[in-house]
Number of protein chains: 2
Amino acid sequence: MSETPGYRPLYRQVYDIVVRRVAQGVWRPGEALPSEQSLARELGVSQGTMRKVLDALTAEKVLERRQGKGTFIAENTQERAQFRFFRIAHPGGKRLTPSLGTEAARVRAARSVERDRLELTRDARVVEITRVRHIEGAPAIREVIILPAAMFPGIEKHMPLPNSLYTLYQSGFGVTIVATHEELSAQLASGEDHRHLGITVGAPVLVIDRIAVDLTERKVEWRVSRVNSENLVYAITIT
Amino acid sequence: MSETPGYRPLYRQVYDIVVRRVAQGVWRPGEALPSEQSLARELGVSQGTMRKVLDALTAEKVLERRQGKGTFIAENTQERAQFRFFRIAHPGGKRLTPSLGTEAARVRAARSVERDRLELTRDARVVEITRVRHIEGAPAIREVIILPAAMFPGIEKHMPLPNSLYTLYQSGFGVTIVATHEELSAQLASGEDHRHLGITVGAPVLVIDRIAVDLTERKVEWRVSRVNSENLVYAITIT
DNA sequence: GAGTGGTCTAGACCACGCA
DNA sequence: GCGTGGTCTAGACCACTCT
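### Some remarks on the sheet that holds strand S10 (residues 233-238) of chain B
- Reading across the sheet, the eight strands line up as S4(A)-S5(A)-S6(A)-S9(A)-S8(A)-S7(A)-S10(B)-S3(B) and stay open at both edges, with antiparallel pairing between neighbours. The sheet is open, and its two edges are formed by strand S4 (99-109) of chain A together with strand S3 (88-89) of chain B, each paired on a single side.
- The pairing of strand S8 (residues 204-214) of chain A with strand S9 (residues 219-228) of chain A spans nine bridges and is antiparallel. Paired with Val205 of chain A across the two strands is Asn228 of chain A, which belongs to S9 of chain A.
- Along the sheet face, helix H4 (residues 78-85) of chain A touches strand S5 (125-135), strand S7 (177-188) and S8 of chain A together with S10 of chain B and points at about 50° away from the line of S7 of chain A.
- Sheet contacts for helix H6 (residues 165-173) of chain A: S5, strand S6 (138-148), S7, S8 and S9 of chain A; angle to S9 of chain A, the most-contacted strand, approximately 160°.

### As for the side chain of Glu36 of chain B
All names here are of chain B.
- Along the chain, Glu36 turns up in helix H2 (residues 36-43).
- Glu36 gets classed as buried once you look at its relative accessible area, which sits at 8%.
- Sequence-distant contacts of Glu36, defined by excluding residues within four places in its chain, comprise Gln47, Met50, Arg51, Leu54 and Arg65.

### Examining the domain arrangement of chain A
Residue and element names in this part refer to chain A.
- Assigned domains within chain A: domain 1 (10-73) and domain 2 (78-234).
- When each unit is reduced to the centre of its C-alpha atoms, the spacing between domain 1 and domain 2 is 31 Å.
- The interface of domain 1 with domain 2 comprises ten residues on the first partner and eight residues on the second.
- Roughly 660 Å² of surface becomes buried between domain 1 and domain 2 when both sides are summed, with 62% attributable to carbon and sulfur atoms.
- For domain 1, the biggest contributors to the area lost against domain 2 are Ala23, Pro29 and Lys61; these three give 41% of the whole.
- For the side of domain 1 that touches domain 2, the leading source of residues is helix H1 (residues 10-24), giving three residues.
- Classifying every residue of the side of domain 1 that touches domain 2 by side-chain character gives six nonpolar, no polar and four charged.

### What about the sheet that holds strand S8 (residues 204-214) of chain B?
- Here we have eight strands laid out as an open sheet, ordered S3(A)-S10(A)-S7(B)-S8(B)-S9(B)-S6(B)-S5(B)-S4(B), and antiparallel in their pairing. With one partner strand each, in any of the chains shown, strand S3 (88-89) of chain A together with strand S4 (99-109) of chain B form the two edges of the open sheet.
- Most of the contacts of helix H6 (residues 165-173) of chain B go to strand S9 (residues 219-228) of chain B, to which it runs at about 165°, and overall it touches strand S5 (125-135), strand S6 (138-148), strand S7 (177-188), S8 and S9 of chain B.

### Remarks on helix H3 (residues 47-59) of chain A
Residue and element names in this part refer to chain A.
- With 13 residues, H3 ought to run about 18 Å at 1.5 Å a step, and its terminal C-alpha atoms sit 18 Å apart, in line with that.
- Within the span of H3, buried status applies to Met50, Val53, Leu54 and Leu57. Buried residues along H3 cover an arc of 90° about the axis, so they all sit on one side.
- Considering only its buried residues, H3 is in contact with H1, helix H2 (36-43), strand S1 (63-66) and strand S2 (70-73).
- Immediately downstream of H3, the backbone of Lys61 shows phi near 65°, a positive value.

### What to know about the interface of chain B and chain A
- Contacts between the two partners involve 33 residues from chain B and, on the opposite side, 33 residues from chain A.
- Taking both sides of the interface into account, the surface hidden between chain B and chain A amounts to around 2400 Å²; carbon and sulfur atoms contribute 59%.
- Taken together, the links from chain B to chain A amount to zero salt bridges.
- Inspection of the region where chain B meets chain A yields 13 residue pairs in polar contact (both at pLDDT 80 or more).
- Mapped by element, the contributors of at least two residues to the side of chain B that touches chain A are helix H4 (78-85), S7, S8 and S10 of chain B.
- With eleven residues, S7 of chain B is the largest single contributor of residues to the side of chain B that touches chain A.
- Residue composition of the side of chain B that touches chain A, by class: 17 nonpolar, eleven polar and five charged.
- In terms of strand pairing, strand S10 (residues 233-238) of chain A meets S7 of chain B through five bridges, oriented antiparallel.

Calculation criteria
- Residues numbered from 1 in each chain as written.
- Chains lettered and ligands numbered in written order.
- Predicted model: local features only at pLDDT ≥ 70, side-chain atom pairs only at ≥ 80, totals over all residues.
- Heavy atoms only, no water.
- Pairing = 2+ DSSP bridges.
- Helix = DSSP H or I, 4+ residues; strand = E, 2+ residues; numbered from the N terminus.
- Contact = heavy atoms within 4.5 Å.
- Axes fitted to C-alpha atoms, helices over the stretch in contact; angles between N-to-C directions.
- Buried < 20%, exposed > 50% of the residue type's maximum accessible area, 1.4 Å probe, protein only.
- Domains from an automatic or database assignment.
- Buried area = accessible area lost by both parts, 1.4 Å probe.
- Nonpolar A, V, L, I, M, F, W, Y, C, P; charged D, E, K, R; others polar.
- Expected span 1.5 Å × (residues − 1).
- Arc of directions from axis to C-beta.
- Salt bridge = Lys/Arg side-chain N within 4 Å of Asp/Glu carboxyl O.
- Polar contact = N/O pair within 3.5 Å; in protein donor to acceptor, adjacent residues only side chain to side chain.

Okay, structure coming up:
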């Protein structure tokens, strides 16, 4: 993570330049970059080196390349973000798309635990979003989402929020989520779970504690999801 | 998955050749392959194309490349397999290494559900391994592992089994696990969980249902792990 | 046909590990 | 100092998309 190689390959430097441009929003989501050739010329490297950079960013899902068309800023579209970071499914079955039940948002001072998890300063404020998501008509997931208010000014006015928040983060606030760290545990349904999800107290609940990281490696979102595990699973492939 | 490109790049053909050799055990785990140069010469391609193949297999963790030393068959060593496929940790903390509690193995006819999950023929036999794993001295995980007996002849005689079975699969049976598909759910502790893990009936248990896939895309292992979720989580990073 | 990304080559030089 | 993988270049040609 914090190596000092003492040697910095050319493609690494070029990579950083391109990442910086993407993070600064030089190109909009869905927009095409200049061609491999012209970028290589502009940055004074060979086409092969430029390709290595663009291929790496494609592997990280920051860019998309389409033969014959061009290189594009990857869009966290609803469907795409859905399948990438939303991993709830029926057992042995296909992925699901939730619909919105209820939601609420407010801005307030960050609590100690929130400052720790999101690496915020002492006087930071956060946006707290609480929502219930339905699957096939029934309430299934209760989420509490904490965002640094400074990074998402006015997001609480975007209600109703889109199904995939990461699309909004990218298009509305220039924040591109590239990774999430999740910790899953089993817990028993609380009174709140009962009220919001309609499950009996003491039923098993799958709890997902997630930190989302953006292109510039900032911790951008803390989300705790409580899933009615009766007929839902968290599905993932490890490679 | 089942595309018919109508066009087959050279590196793809070379890739298949190398995969076949690895699967056939032409080189042993930990052993060095011939150098990039000599492989390229032997297979009649340029060094650049050969590199593309070896880099791809390195990304899939089938090979390992070490500058100045050579290209090696990746070993599913205890530690490595441990960190790659064993994802149990303390909340917010470091990964853990379990130790063996009790274990038992027997060979029997496959049940219907096992034939389905492992895509076995009607008369197939399986090895059933049951074991309890301890973390920091206390029983924490109960696993039931189902293997196709034909693929692992005599594995039940290897008791006590190593902590990481995937190391044994590779070194003892030439089976290299390259991916797992997992489905996680929350359940309540059963009487069996109480007996084996010492937790109270009705406590929350994290259940991991895993199918492991080998280099040749065979479904090689079905494993159900029941984890005492009181002080343990399943930690994963999605990129 | 023009322009893009995708493949392939041949060769040079650099960084690393080891004897 | 040699052999290995890692980087970088320059250029050719192929496949795909759109006009």
